[in-house]
Structure formats: structure tokens, C-alpha cells
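Each chain, letter by letter, is given below.
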Amino acid sequence: MIRRPTSQDRYLRARVRFFLLAFATLTFVLHSVVISPALYAQQTERGRELGKRVKCMCGGCNDSATACNHTGGSFSGPCETAKGMQSEINERVTRNESDDLTLQAFVQEYGPTVLIVPPAKGFNIAAWVAPIVMPLLAIILVWVVVRRWRNKAALATASGPAIPAEFLARARRETGRDYDE
Amino acid sequence: MDILGSFSLLLAFLAAVYAICAGVAGIVTRKTLLAKSARNAGMAVFVLVTLVVACLEYYFFTDNFSMAYVAAHSNRSLPFYYKFAALWAGQEGSLLLWTWLLSTYAFFAIFINRNRHPELMPYVGVVLAGVQTFFLTLNNFVASPFALLAGADPSGVMRVSALADGHGLNPLLQYPEMVIHPPMLYLGYTGFTVPFAFALGALLGRYPGEKWIHITRRWTMIAWCFQSVGILLGAHWAYAVLGWGGYWAWDPVENASLLPWITGTAFLHSVMMQEKRGMMKVWNIWLVFTTFMLCILGTLLTRSGIVSSVHAFAQSSIGNWFVGFLALIVIVCFASYWKNRDYLRSDNQLDSLVSRESSFLFNNLILLAACFAVLWGTLFPVLSEWVVGNKISVGPPFFNKVNIPIALFLLLLTGVGPLLAWRKTSFDALKRNFAWPLAGGLAAGIVALVFGFRDIYSLICLILGVFVTLTVFSEFYRGARVIAARDGSNLVSAVGELTMRNTRRYGGYVVHFGMVLIFIGIAGVPFNKDIQKEMAIGQTLTIGPYSILCQNFDRVTNGNYDSERATLEVFRNGKSEMMLYPERRFFLASQVTETMVAVQSSSLRDLYIVYAGRSPENGQPVIHAYLNPLVKWIWFGGIVVVLGTGLALLPNRRAALVLRPVTEPAWGDRLPARVSPAGAIARRGEGND
């Protein structure tokens, strides 16, 4: 037998509905006010970081899209080119595109020169490797030279005649006057 | 008056060519008269180029807008000091400034040594005249500053015409530092020509001993000091004018100025190896050659447009001239070296790896590594395009990544080197010299960690900075203590006495301390903060401990520019601290807008405010605030570096009392005898350092 809802049941259901509605509204408001801006800020921060990896292509500076701060022009701050690039980055970040995809899109549009540092691929590896390899080679070279010097010095000490003290003293007397030049 | 300038310029060119021809003839025939004539011609170049500069300045001050160069870089309402500085605002004038400074150096180098080094100076004179001839060729035939404006009269005949007013000076250059930054930098660039001329002259003439090193040491220090000041002034100008909150952007032209500075620094250190121990002769000669080549390369980069830079002059074919000149220098240097390489044989060998010699070796190596990394990064885009046809960019992150570890290692050596003895250092001495500085550095690091200093590079920089500072002070203290104990004087006067007895050594330590201050200043970069906000009157912006209240926006007008200005009150902990007035100027003649940054600088941090203009969306004024820690340390460090260099340039007190210049045969006369081997040995054994 089905029991007919009493007025108390209806009251309870109404309260549940009300609370559900209130909860949904509150969730929506919280989402709009608190969570969404947080998400937006996070994306903007990521966009800023990505913008630092992309060169402003206005042709008048060597800055990144984020760091561009042009003097002159109608608005000092990021120039129009940099602002356009940064907003494109932000859009792509909002669409949740990956960093690689976003950077690739810029490379396709402007060529590899748009990347503020060359990616370590192909010939560009040389850009990164040479500043490490060359000093290392130089250290090895110096090491070899020093060893040769030391060997020669050992030989010279063993076989070379000592310079007499009076000869050194005379030499110092004769040449001391040159020092103040 | 109109033709005086261009006529003098042509005459200067002829005098320089004559100085080469007569100089070479004098060397070959060994005729005194020819050598003296070449010397006088070399000095006449300076007089003539000075006249040229005076003429061009006269045109600027009299608003002679029939001169194309004056019309392009000046206007009637330009303040007189900027009219003076407008001389080097463009390609032609800056090349003339280069020539003038070069001829000034050449004049003094020749004049001071007119009665000395008769075997060496003719060679030096020829090299100096050769370099001057190149620049005078450019001044006369490629980029003349005396071109006239022409216009057709009603009958269609072309006549000289004058503009009613000039186009004005580039607003970026209308800043006090721009009056002195280019001349300082050029004094550095051109100054390296003198050591180059002496080095090449000594090699060509096989001048005996290390005398050329003694002669050029001061010249190199002077050039190095000017280059340092030029670089720092440029950095300060970028900081104060460009409004991006930074001072160094690894721009190709900035890099170009850094390259000869690095090799010059390496030379100033390695030269001591040659003076004290007769070692590294080939290395030193090549360091001087390389420094000069890098100066020319820097000019090539600035003026040819082969790398994109905010500093670069308009692209022109002038780059080809510099390429040709650079190639000629390389050929001459290689040929001279190859022909006379036996002259550069080392007299001594390295005794121990734990010695000052080896620390100098490493210092040179690291400096050269830094130089290579900067050069490589600067030229890699060109290389990449050339090799694989791929245009790429090499920006600041690359240079920071590569150079910061190198620079820190160099800072370490700055502390280690001076504490090592010549030849060999014992373990006990190592322990004695290093214990306290090292403990001090580590203690500073721990304190910094406790206070939340988390950036690894900055932390290392701080530790090393304290370490080097303590080594410098311990060097002063130990020396002064001995003098104080012996003379019964107090420690302060003993420090003075010690310094004046060996100005080069202790001046060098002061320079090291200045470099530490600069490094500490740079270590503040990771802690920079910035915020940009649209601000209406009455609104506030908060950054770090500061609250900035916008009080007003107003307009200021004068004949040169219209300015929009913000009036900002800065509060700290609720208390009003200062008023700042960032501006945005619109220069009427050039129709260009420029920011004037307001900076409140303290030893801990700079509050750096840019009035970024009005938002294009709603017309609201935009304020960009930066909080940059420790920047002041960089400028203060620069001052200390200059003072240290000045100190190192002074003669030693004892030497000044005892040594008198000796009369030598005049230039052109033959030396009676070359320096004896005994002299060479003694010179190696002792020195000023």
C-alpha cells in the first residue's frame, strides 16, 4: 500500500529541494568567484612563462613577448606585436594546449627565430655544447702545457747552472731604473 | 669656415698616410730625420682632427642646418649640452669621435715617449698611423659628417639649402649619461689601440725584454678603466631611461663592449706572469691582439647590422670596410707572429699547480671561456644562418645559463689567486690564508639560508663575495700589521703606507672588492618584483613594503617636449616616505614618446616606477612598479673599481722617491746597446707587484 505523502513529507521534500538548490547556487557562485579566477590566474602565469620563451617579433628589440617594454610609440609597455603574441599564448593556454604545441604554432608562423633560445636540435646543439666543450678543451690544453713546463723545469733544475748572486745583484742595479715607466 | 672642417679632415688623412710612409722608410733606412718627421706627422693628425671636431661642434652650436648631419641630429630648442653630445648621435659623427679619441691617445703615446725607446717608437707610430688612416678613410670617403643638404631652386639648379629647423636628437639620447657614456666607451675601445700598437711594434722590431709590457701596462689600465666606466654608464642609462626595470639585456652591442673588456682583464692579469717570471709571452701578445680585434669586431657589429640590436646604427655598407680591416689586422698579426715567434720564447716554467702562476692561468682560461661564450652566443645566429640557412635567436636565457657558472668560478679565483704565492704555495700557508675567509663565507651562507635566501646562484655568489672580501681585507691587514709593528704607527696609516708602497697590487685588490660589490648587486636579480596597474587619482598600488598612492596627473610643456607626469606618494608602514614623479615625454622635433623613470634608490632596494602611459582600452593612466634589490651595489661597485684602478695607476711611493727618468737617445737615434741578458733576468725576479 502506497502511503500518501503527508504535509510533513512535502515540507521535508521542499526543504531538501531548497537546500539542493541553495547548494548548487552556492557551488556555482563559489566556482565563479573563487575557483575560476584561480584557474585563470594559473593559466596566465603559465602564459607569462611561455611568453618568456618567445621572442617579440616587432624587429625593434631582442626581448621576449612577456618582457618587451618598448620605449616610444603610442603606449610604452609591451609593444603591439608583443601584446598580440602574449594574448595568443594566453588563448592557447586557456584552450589547454601543451607548451610544445603552442611554441610549435609560433615557429610555424614566424620561423625558428621566434624561440628566444635555440632548441637543442640539429646544428643548434652546437650553440649549447660549444661553451662547455671549448673551455674543457682549453683546460686539457693548459694541463698538457703545464705538464710540459713542469717537466722542462725539472730538467732545467737538474742540469742548468745556477746564476751567481753577484751577477743577479748587478743585473738588478743596472735595470732597476726601468721600473717606473 | 664652411670648408675648414672637411679640409682639415682630408689633411689629417694625408698626414696619417705620410706618417706610415715616412715611418716605414725611417725604419728601413734607419734615418733619424724620417723617423722624426713621421712622429711629427702622427702628432699633427691629432691637431687636425681636433680642428675638425671643433668645426662640427661649431655647426651644431650655430644651428647650421645646411649640414645634413646637423639637421638630422639637432634642432634649435635642443639644450646646449645635448647639442654638444649630438656630435656622436649618428654614424658619421660617432666615427669622427672615434678617430678623434684615437688620435688623442696616439698623440699622448707619441708625445710622452718622444725621447724614449728609439728602437720601438717608430714601429708604434706606424701601427697607430695605420689604424688612424683606416678611420680617416671612413671619415673622408665613406661617412663624411660634412655632407651638405641640396635642393633645386626654381630654375631647377641644385643648390645648397638649409632646413628651417633640424629633426632633433633621438630622445633616447637626451639623458645626462648619454653625454658621457659614448665617449667613455669609445675611450675604452680606442685606448686598446695603444697596447696593440706597442705589442705589434715590439714584435715587429723584436724589441728586447719585457719593456713593452711595462710601457703598455698603464695604457691598458686606462683603457680598461674607461671601458668599465662606459659599460656601467651604459647599463645605468638602460636602467634609468629604457624603463624595463633591468640594466643588462645581453644585446649584441652590449656583448660587443664586454668582449674586449674581458680579454683586457685577462691581459692585465697574465701580464704579471711575463713581468715576474718571463712566461706567457705568446699568450700576452695574442691577448693584446685579440682585444684590439674584438674592439674592431664590436664596431663592426654595431655598424653593419649583421646582428639585430637595439643599439645598431642604420644598416649600411660600412660593415664591409670593417670586415676588410679586421681581416687585414688578423693577417698582419699572424704574419708578424709567425715571422718573429722565436722572439717570444718563455724564460721560465711552472713549478707548481698550487701557485699564483697557475691561478693566473686559470683566471685567463675562465675569462677566455666567458669571452668565448658571449662571442659564440652573439654570433651563433649569423653562423646558423650561414651553415644551415636557419635564422634563430639567442636571447638572455642562453647567456645567463652559460655565463653565470663561469662568472662565479671567476669570483672564486678572485679570492684564491692573491693568496697563493709565486712558484709554489705550501699546504700550511694555504690553511693559514684560507681558513678565516672560507669560514666567513660559509657563515654568511648559513645566515642567508636561515633568512630564506633560496636562489642557489645568489647564495653561492654571496658566499664567494664574502670570501673574496675577507681575503682582500686580510691581505691589507697582514701587510699593515707588519708595517705598524716595525714603524710603531697605527694600523690605518700603515694601510696607507702599504698601499702607496705597492699601488698596483693594493689598487688591484680594491678593484677586486669593487667587482665583489658588482656581483652582489647582480645577485639581487632573482628577487626582483614587479606589478603593473591602471591607476586613477586616489588609488593605491602595493609592492613589497611600499604602498603607492596616486595623487595627481599633470602636463608639463617646454620647447623641446610635452610631458605627462604622475605624482605619486610612497608610503612605508603607513608613513609617507617620498614623492615620485615618473614622466612620459613627447619630443616635438622627432615626434617620439619617451619614458622618464622615477627611481628611489637605497642600499637595499630600488623602487623603480614607470609611467607607462595611458591604457589604449580605457585611457586610464598605467603605472608599472618594480622592486629591484641591491642594484645600488652595482653602481657603487663601479665607483670602487674606478678608484682602485686610479690607485693602481699611481707610482709607488718608494719608486717615486728613488727612480728618476733617465735621458735616453732621441727617437730615431740608435740605442747604443740592447738590454743585457742580466737585465732581463733581474726584471723577472722583481717588479712592482
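As the structure is a computational prediction, the values presented were derived from the model and not from experiment.

## Notes on the overall build of chain A
In step 1: Within chain A, the secondary structure is distributed over five helices and zero strands.
In step 2: For chain A, the α and β elements follow one another from N to C terminus as α-α-α-α-α.
In step 3: Across the 181 residues that make up chain A, the buried fraction comes to 23%.
In step 4: Within chain A, counting contacts between residues at least 6 apart in sequence, those at least 24 apart form 46% of the total.

## What about the overall build of chain B?
In step 1: Regarding its fold elements, chain B presents 21 helices and twelve strands.
In step 2: Across the 689 residues in chain B, those meeting the buried criterion constitute 50%.
In step 3: In chain B, 72% of the contacts between residues at least 6 apart in sequence involve partners at least 24 apart.

## A closer look at the sheet that holds strand β10 (residues 598-601) of chain B
In a beta sheet, neighbouring strands pair by backbone hydrogen bonds and run either parallel or antiparallel.
Residue and element names in this part refer to chain B.
In step 1: One open sheet holds the four strands; their spatial order is β3-β12-β11-β10, and the pairing between them is antiparallel. Both outer strands of the open sheet, β3 (529-534) and β10, are each paired with one neighbouring strand and no more. When the angles between neighbouring strand axes are averaged without regard to direction, this sheet yields 15°.
In step 2: When strand β11 (residues 605-614) meets strand β12 (residues 621-629), the two strands line up antiparallel, connected through nine bridges. Note on β12: the bridge partner recorded for Tyr-611 is Ile-623.

## Points about the nonpolar core
All names here are of chain B.
In step 1: If you look at the biggest cluster of nonpolar residues, it comprises 210 residues, and the most contacted ones within it are Ala-12 and Ala-199.
In step 2: If one sorts the elements of this core by residue count, helix α9 (residues 211-241) sits on top with 19 residues.
In step 3: One finds Tyr-546, Ala-566, Val-570 and Val-610 within the second-largest nonpolar core, a separate group that totals 19 residues.

## Side note on the packing of helix α6 (residues 121-142) of chain B against helix α8 (residues 193-205) of chain B
All names here are of chain B.
In step 1: In contact at an axis separation of 8 Å, α6 and α8 are set at 130° when each is read in the N-to-C sense. It follows that α6 is oblique to α8 by the angle criterion. Considering only the axes of α6 and α8, their crossing is right-handed. Across the interface between the two elements, Tyr-123, Val-124, Val-127, Leu-128 and Val-131 from α6 touch Thr-193, Ala-197, Phe-198, Leu-200, Gly-201, Leu-204 and Gly-205 from α8.
In step 2: Among the residues forming the contact of α6 with α8, the class breakdown is nine nonpolar, three polar and no charged.

## Some words on α9 of chain B
In step 1: Here α9 of chain B is 31 residues long and its end C-alpha atoms lie 45 Å apart, about the 45 Å a rise of 1.5 Å per residue gives.
In step 2: Across the 31 residues of α9 of chain B, 28 count as buried, placing the element largely inside the fold.

## Regarding the pairing of strand β7 (residues 575-580) of chain B
Two faces, one strand: in a regular strand the side chains alternate between the faces of the sheet.
In step 1: Across five bridges, the pairing between strand β6 (residues 561-572) of chain B and β7 of chain B is antiparallel. Residue pairing across strands places Phe-571 of chain B opposite Ser-576 of chain B, the latter belonging to β7 of chain B.

## Focus on the packing of helix α1 (residues 4-29) of chain B against helix α2 (residues 32-61) of chain B
Each packed pair of helices is defined by two parameters, the angle between the axes and the distance between the axes.
Residue and element names in this part refer to chain B.
In step 1: Remark: α1 packs on α2, axes separated minimally by 7 Å, with the N-to-C direction vectors making an angle of 165°. Between α1 and α2, the interaxial angle falls into the category roughly antiparallel. Here the hand of the crossing between α1 and α2 comes out left-handed.
In step 2: Here the residues of the contact of α1 with α2 are counted per class, giving 22 nonpolar, seven polar and no charged.

## Remarks on α1 of chain B
Residue pairs spaced three or four apart in an α-helix point in one direction, given the helix's 3.6 residues per turn.
In step 1: The terminal C-alpha atoms of α1 of chain B lie 36 Å apart, and with 26 residues this matches the ideal 38 Å at 1.5 Å per residue to within 8%.
In step 2: Downstream of α1 of chain B by a residue or two, Arg-30 of chain B has a phi angle that is positive, lying close to 60°.

## Concerning the domain arrangement of chain B
In step 1: What the domain assignment lists for chain B is domain 1 (1-150 + 165-174), domain 2 (426-524 + 633-660) and domain 3 (527-629).
In step 2: Between the C-alpha centres of domain 2 of chain B and domain 3 of chain B there is a distance of 39 Å.

What counts as what
Residues numbered from 1 in each chain as written. Chains lettered and ligands numbered in written order. Predicted model: local features only at pLDDT ≥ 70, side-chain atom pairs only at ≥ 80, totals over all residues. Helix = DSSP H or I, 4+ residues; strand = E, 2+ residues; numbered from the N terminus. Buried ≥ 20, exposed ≤ 12 C-beta atoms within 10 Å, placed from the backbone. Contact = placed C-beta atoms within 7 Å. Pairing = 2+ DSSP bridges. Axes fitted to C-alpha atoms, helices over the stretch in contact; angles between N-to-C directions. Core = buried A, V, L, I, M, F, W, Y, C linked by C-beta atoms within 7 Å. Parallel < 35°, antiparallel > 145°, perpendicular 65-115°, else oblique. Left-handed = near helix turned anticlockwise from the far one by under 90°. Nonpolar A, V, L, I, M, F, W, Y, C, P; charged D, E, K, R; others polar. Expected span 1.5 Å × (residues − 1). Domains from an automatic or database assignment.

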